[in-house]
Amino acid sequence: MALFTQLKSYQALQAHFEQAKNLHMRDLFAQDPERFNKFSAKACGIELDYSKNRITEETKALLLDLAREALVEEKRDGMFAGARINTSEDRAVLHTALRNKSGNPVLCDGVDVMPEVQATLAKMKAFVNEVHNGTRTGYTGKKFTDVLAIGIGGSFLGPKIMTEALKPYRVDGLKVHFVANVDGAHIHDVLATLPIETTLVLMSSKSFGTQETLKNTETAKAWFLENGGKFEDIAKHFMCVSSNIKAATEFGMDADNIFPMWDWVGGRYSLWSAIGLPIALALGFDNFEALLDGAYEMDQHFLTAPLEENVPALLGVLGVWYINFFGAQSHVLLPYDHYLRGFPAYVQQLDMESNGKSATPTGDYLDYATGPVIWGGEGTNGQHAFHQLIHQGTVLIPADFIMPLHSQHEMTNHHAMLASNCFGQTQALMQGKTVEQVKAEFAGKGLTDEEIEKVAPQKVFEGNKPTNTILMEKLTPNALGQLIAMYEHKVFVQGIIWGINSFDQWGVELGKVLGNDVLAKLEDSSIELNGDSSTNALIEKFRNRNA
Ligand SMILES: O=P(O)(O)OC[C@H]1O[C@](O)(CO)[C@@H](O)[C@@H]1O
């Protein structure tokens, strides 16, 4: 397969870019009252307004040619059908099977994975219901009141952020707490609030080999044993989710307390598996099912909608337009919903761990940009902080504004005010403010021409800043499932266009290996310091910190 920049459609886009880069969206809107209708699309419950992008109909057609030439549709079908597209780990990529509601089999190496998926969902459901109705209790027979969920990365962000996002749907009587960081401060503070007799510890680690998670679980176990729990009570209080059943059993997990997952589920795509148990415990199994249903609906849209109306595909190619032609290096997510405030951090792992790559699966180094820096924060707070740079800074930052039309709490006029800020921001970013408008504002204020000349450029907004507005009726479990799956598929589309493997994460490995080497040296001062002078000096400082 040719590299992205060698594709015919890439060359066509490059030629088109030379004139498209000079267009201003202000003019494009003025010329065409139908622009919103032409550049908006619907995917199940999600509506995408992408009219405030620096594109024409020709740009859209050329970008979709690029997606077609890169074989996005064929590779999408391959992923859903269990092709081993994660080549460096020789794995299929089948998170979509975890929410497959079609009743059809999904084959991985000729074996249908659906019976195992369904059996695990049934086990999760039974477990969640037993915890909720009190038939599964702690060692003193009392109903569980708290869950301590331990995990990191994909075994933490999804469960934590989605539990937060769906706060209004939480069941009463069971609090879910998360610990990820190996900084002892995190688990210290959480354990201090937990009652031993009624706390369930749920450890999530696909590999069962992640240092932080193992350490935090050992600490939780020690806390349990030191505060009244007995060794024989551990099985009542400690559960885990892992694809490494052997390591989990060796660690002391009771075989019945292990929820399986599979190597064809990537960590950052795993909240749909038993990794999502904290979500199900916090919200009830029906709400977890609704999250899966929403993702399934988005899967169907991604699989069947023509690219011209395919929301994840459109988001994907628009990102490529800014990254590879305009040179954008970051992309900002701005949820105008307090409960979605953690969502940018979720998409940050999803996108950056997937597409932060610089070589192809066939061994070519890339000479073009791939995944951008993903960042963001909740609106309206960001408007009073970092939006300044998006409006008037020197770098181009495409933005996704995410806005539910209904609030979870219809407080007087709050929601109209929130929406007005969201829509007003995208309008300001698009149209900007010309120097003529600025000068007209000075008229009659008694300023000299010289003073006006000095101040005016600082008040000019260039505008022409691209934004997508992503609307949904309300942030329900179903809508959230759709939203997450939409971003998963956007990331997939971009990875295919760039010709990279979006499903491995070798970039995190070196740090883990060197971290273990350093730990040995910190714990045993007889080990010779044979690294670079900086790392040696830092280790020395730590070794001597009590001297
Ligand atoms: O679930 P595990 O195996 O503990 O891994 C946790 C996380 O670590 C990573 O490998 C990154 O360090 C992520 O991809 C993964 O989600």
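Given the structure is predicted, the values throughout are model-derived calculations rather than measurements. (Residues numbered from 1 in each chain as written. Predicted model: local features only at pLDDT ≥ 70, side-chain atom pairs only at ≥ 80, totals over all residues.)

With respect to the pairing of strand β12 (residues 399–404)
Two faces make up the sheet, and in a regular strand the side chains alternate between them. For the record, the criterion: Residue burial here comes from a neighbour count, namely the number of other C-beta atoms, placed from the backbone, that lie within 10 Å of the residue's own C-beta, with 20 or more meaning buried, 12 or fewer meaning exposed, and in between meaning partly exposed. A run of H or I in DSSP counts as a helix once it spans at least four residues, and a run of E counts as a strand once it spans at least two, with each numbered from the N terminus. Pairing between two strands requires that DSSP report at least two bridges joining them.
Most of β12 sits inside the fold, with 6 of its 6 residues counted as buried. Across the two faces of β12 the burial is the same, with Ala399, Phe401 and Met403 and Asp400, Ile402 and Pro404 all buried. Pairing of strand β10 (residues 330–335) with β12, which is carried by 4 bridges, proceeds in the parallel orientation. What sits directly across from Val332, in β12, is Ala399. Judged from the 6 bridges that link them, β12 and strand β13 (residues 467–472) form a sheet pairing that is parallel. When the sheet's bridge partners are listed, Ala399 is paired in β13 with Thr467.

Details of the UniProt feature "active site" (unreviewed entry) in the protein chain
Threshold: UniProt positions are given in the numbering used here, feature names are shortened, and annotations may be inferred rather than shown by experiment. Whether two residues are in contact depends on their C-beta atoms, placed from the backbone: they are in contact if these lie within 7 Å.
Per the UniProt record, "active site" (unreviewed entry) is found at Glu353, His384 and Lys512. A maximum C-alpha distance of 37.7 Å shows the annotated residues, which cover 160 residues in sequence, to be distributed over more than one spot. Looking at where Glu353 falls in the secondary structure, it is placed in helix α15 (residues 343–355). Take Glu353: there are 22 C-beta atoms within 10 Å of it, and that puts it in the buried class. Not counting residues up to four positions away in its chain, the partners in contact with Glu353 are Arg268 and Gln505. For His384, the position within the fold is in the loop between β11 (373–376) and α16 (387–392).

Digging into the sheet that holds β12
Our working rule: For helices, the fitted axis covers only the stretch in contact; all axes are lines through C-alpha atoms, and the angles between them, taken along N-to-C directions, range from 0 to 180 degrees.
Strand order in the open sheet formed by 6 strands is β1-β2-β13-β12-β10-β11, with mixed pairing between adjacent strands. The open sheet has two edge strands, β1 (40–43) and β11, and neither has a second partner. Averaged over neighbouring strand pairs, the angle between their axes works out to 20° when direction is ignored. Bridge count between β10 and β11: 4 bridges; the pairing is parallel. Counterpart to His331 in the pairing with β11 is Ile374. Set on the sheet, helix α20 (residues 477–498) makes contact with β1, β2 (46–49) and β13; between it and β2 the angle comes to about 45°.

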